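# Chain and residue survey
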Amino acid sequence: MMTGSVFVSVARRSRCLHRLLSSDLRFSISSGSDESKRNFSSSARPFSSQTIHNKPEAYVSGPQTHFGFEDVDVKEKEKRVREVFASVADSYDVMNDLMSGGLHRYWKDELLSMTSLASLAKFTRQKAASESSHDGPKPNLAVLDVAGGTGDVAFRFIEAAECVERAKSSGKDEVSVTVCDINPDMLRVGEQRARDRFGSRVLDDSGALTFVEGNAQDLCNFEDNSFDLYTIAFGLRNVTDVDAALREAHRVLKPGGRYLCLEFSQVENPLFRSIYDSYSFHVIPTIGEMVAGDRASYQYLVESIRKFSDQKELMARLEAAGFESVTHTNFTGGIVAVHEGWKSVE
């Protein structure tokens, strides 16, 4: 099994730069004027996990857990979440546009930007070309996108890494994006969209894009130390045992690998939170009923956001799962946040 040495060298430099920038930003805030502090706090910014000390309680600690605002048996939640996404699969992306006013596209674009995937893909292919005459494993860049059934995030990765152009050449691509989702209906929609958008070469010839059914809590399809980058967008809060999913993410990442989670979080400003809550509980389920004929599923999605960990708690959970240099970045006032962590290179 390749250890991902190409990515580790890039990851080390990225981490050093990130720490330097984070330190500079924190210094600028602490020494700046009140006005500069207010301006900075309204934008997306990283928070270091250095302030996290308390280990969180287990996400699941008894026979029951939450399904939205309802208490259900632990074994029942996974089944009910499957039913929700089976119900909304065909209208999921349209609903995302309607519910967020298109903001989900901006959030996913920001996630893509944070991955630096275009640069990493270029670096990996150049490295592979320079070592083409060498024996042994060749450099590769492996990405796992969990709960990404319809492909919305994975397609951004494929395009940024120029995998469609690479698929016109023979042989396997040095860059691979694997979409893993627990729901076969979401995967069906995603794979069909991929073929319609990219053709079949990216899936069947170069192997740059694959769709795999799997459970975030038990990624039994994947070996230890397999991926350079693990992403999950708007899926972690639907997992029954978040702690188990984080441990699995850590397991399948290569040493020096990076974890990025885009998820709904907790709005910090009380006035904005009141407006957001009103919109969420009164408008989103109504849109779901009108567009998808399914009010209950979207009521659950709204409720699941309120039951999920806030920014600091999720940072603590990442640390407890073994991740290092944990940070989070808020977007749109904390409606969503990207949490980031690294697997030790040791």
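Scope of this entry: the structure provided in the associated data block. The residue numbering used here restarts from 1 in each chain and proceeds along that chain's sequence as written. Residues qualify for local features only when their pLDDT is at least 70, as the model is predicted, and side-chain atom pairs are given and counted only at 80 or more; totals for whole chains, interfaces and linings, by contrast, use all residues. Values reported for side chains reflect all heavy atoms of the structure, with hydrogen atoms and water molecules removed beforehand.

## Some words on the overall build of the protein chain
Numbering goes from the N terminus for both helices and strands, where a helix is a DSSP run of H or I of at least four residues and a strand is a run of E of at least two. Counting its regular elements, the protein chain contains 15 helices and 10 strands. Burial classes: relative accessible area under 20% of the type maximum marks a residue as buried, over 50% as exposed, and values in between as partly exposed (1.4 Å probe, protein chains only). Expressed as a percentage of the 346 residues in the protein chain, the buried residues total 51%. In what follows, residue pairs with any heavy atoms lying within 4.5 Å of each other are defined as contacts. Within the protein chain, contacts between residues at least 6 apart in sequence are counted, and of these 76% link residues at least 24 apart. Accessible surface area values rest on a Shrake-Rupley calculation with a 1.4 Å probe, where residue burial reflects the displayed protein chains alone. For the protein chain, the accessible surface area stands at approximately 15900 Å², while carbon and sulfur atoms represent 51% of it.

## What to know about the pairing of strand β8 (residues 253-264)
For a regular strand, side-chain orientation follows a simple rule: the groups alternate between the two sheet faces. Within β8, 11 of the 12 residues are buried, which leaves it mostly tucked inside the rest of the structure. Two strands pair under a simple rule: DSSP has to find at least two bridges between them. Both strand β7 (residues 227-233) and β8 contribute to a ladder of six bridges, which runs parallel. When the sheet's bridge partners are listed, tyrosine 230 is paired in β8 with tyrosine 259. By convention, a crossover is right-handed whenever its connection, traced from the first strand over the helix to the second and viewed with the strands pointing away, goes clockwise. Traced from β7 through helix α11 (residues 242-252) to β8, the parallel crossover comes out right-handed.

## Regarding the packing of aromatic side chains
For Phe, Tyr and Trp, where Trp contributes only its six-membered ring, two rings pair if their centres lie within 6.5 Å, and the inter-plane angle classes them as stacked under 30 degrees, edge-to-face over 60, or tilted in between. Per the counting criterion, the structure on display carries nine aromatic pairs. Ring geometry for phenylalanine 155 versus phenylalanine 198: centroids 5.3 Å apart, planes at 90 degrees, classification edge-to-face. With phenylalanine 155 in helix α7 (residues 152-160) and phenylalanine 198 in helix α9 (residues 184-198), this pair connects stretches of sequence that are 43 residues apart. Just as phenylalanine 155 is buried, phenylalanine 198 falls in that class too. Centre to centre, the rings of tyrosine 259 and phenylalanine 323 are 5.2 Å apart; their planes meet at 45 degrees, and the pair counts as tilted. Taken together, the residues tyrosine 259 in strand β8 and phenylalanine 323 in the loop between α15 (311-320) and β9 (324-331) connect sequence positions 64 residues apart. The same class applies to tyrosine 259 and to phenylalanine 323, which are both buried. An aromatic cluster of three or more residues is present, and its members are Trp107, Phe234 and Phe264.

## A closer look at unusual backbone geometry
Positive phi, close to 60 degrees, is recorded for alanine 147, a residue that is not glycine. Relative to the helices and strands, alanine 147 is located in the loop between β4 (141-146) and α7. For alanine 147, a relative accessible area of 30% translates into the label partly exposed. One non-glycine residue with positive phi stands out, namely threonine 332, at about 50 degrees. Along the chain, the position of threonine 332 falls in the loop between β9 and β10 (336-342). Accessibility expressed as a relative area gives 28% for threonine 332, which makes it partly exposed.

## Description of α9
Working rule for helices: expected span equals 1.5 Å times residues minus one. Across its 15 residues, α9 extends 21 Å between first and last C-alpha, which sits within 8% of the 21 Å expected from 1.5 Å per residue. Among the residues of α9, Met186, Leu187, Val189, Gly190, Ala194 and Phe198 are the ones counted as buried. Projection of α9 onto a plane perpendicular to its axis shows the buried side chains occupying an angular sector of 160 degrees, all on one side. By the criterion applied in these results, polar contacts are pairs of N or O atoms within 3.5 Å in which, for protein atoms, one can donate a hydrogen and the other can accept it, and in which residues neighboring in sequence qualify only through two side-chain atoms. The opening residue of α9 is asparagine 183, an N-cap whose side-chain oxygen sits 2.9 Å from the backbone nitrogen of aspartate 185. Looking one or two places after α9, you find glycine 199, whose phi comes out positive at around 85 degrees. What the arc measures is the spread of directions leading from the helix axis to the C-beta atoms.

## Describing the pattern of salt bridges
Any Lys or Arg side-chain nitrogen located within 4 Å of an Asp or Glu carboxyl oxygen qualifies as a salt bridge. Summed over the entire model, instances satisfying the criterion amount to 28 salt bridges. The closest approach of N and O atoms between arginine 125 and glutamate 174, which form a salt bridge, is 3.7 Å. Highlighted residues: arginine 125 in helix α6 (residues 117-130) and glutamate 174 in the loop between α8 (163-166) and β5 (175-181), separated in sequence by 49 residues. When the shortest N-O distance is used, the salt bridge between arginine 251 and aspartate 224 registers 2.6 Å. Taken together, the residues span a long stretch of sequence, with arginine 251 in helix α11 and aspartate 224 in the loop between β6 (209-213) and β7 at a distance of 27 residues.

## Examining the pairing of β10
When you tally the buried positions in β10, you get seven out of seven residues, the bulk of the element. Side chains of β10 alternate between two faces, with Val336, Val338, Glu340 and Trp342 and Ala337, His339 and Gly341 buried alike. As paired strands, β8 and β10 are joined by seven bridges and run antiparallel to one another. Paired with leucine 262 across the strands is valine 338, a residue of β10.

## Focus: the side chain of aspartate 241
Along the polypeptide, aspartate 241 turns up in the loop between β7 and α11. All tallies of charge rest on Lys and Arg as positive and Asp and Glu as negative; His and the ends of each chain are not included. Arginine 247 is the oppositely charged side chain nearest to the buried, salt-bridge-free aspartate 241, at an N-O distance of 4.5 Å.

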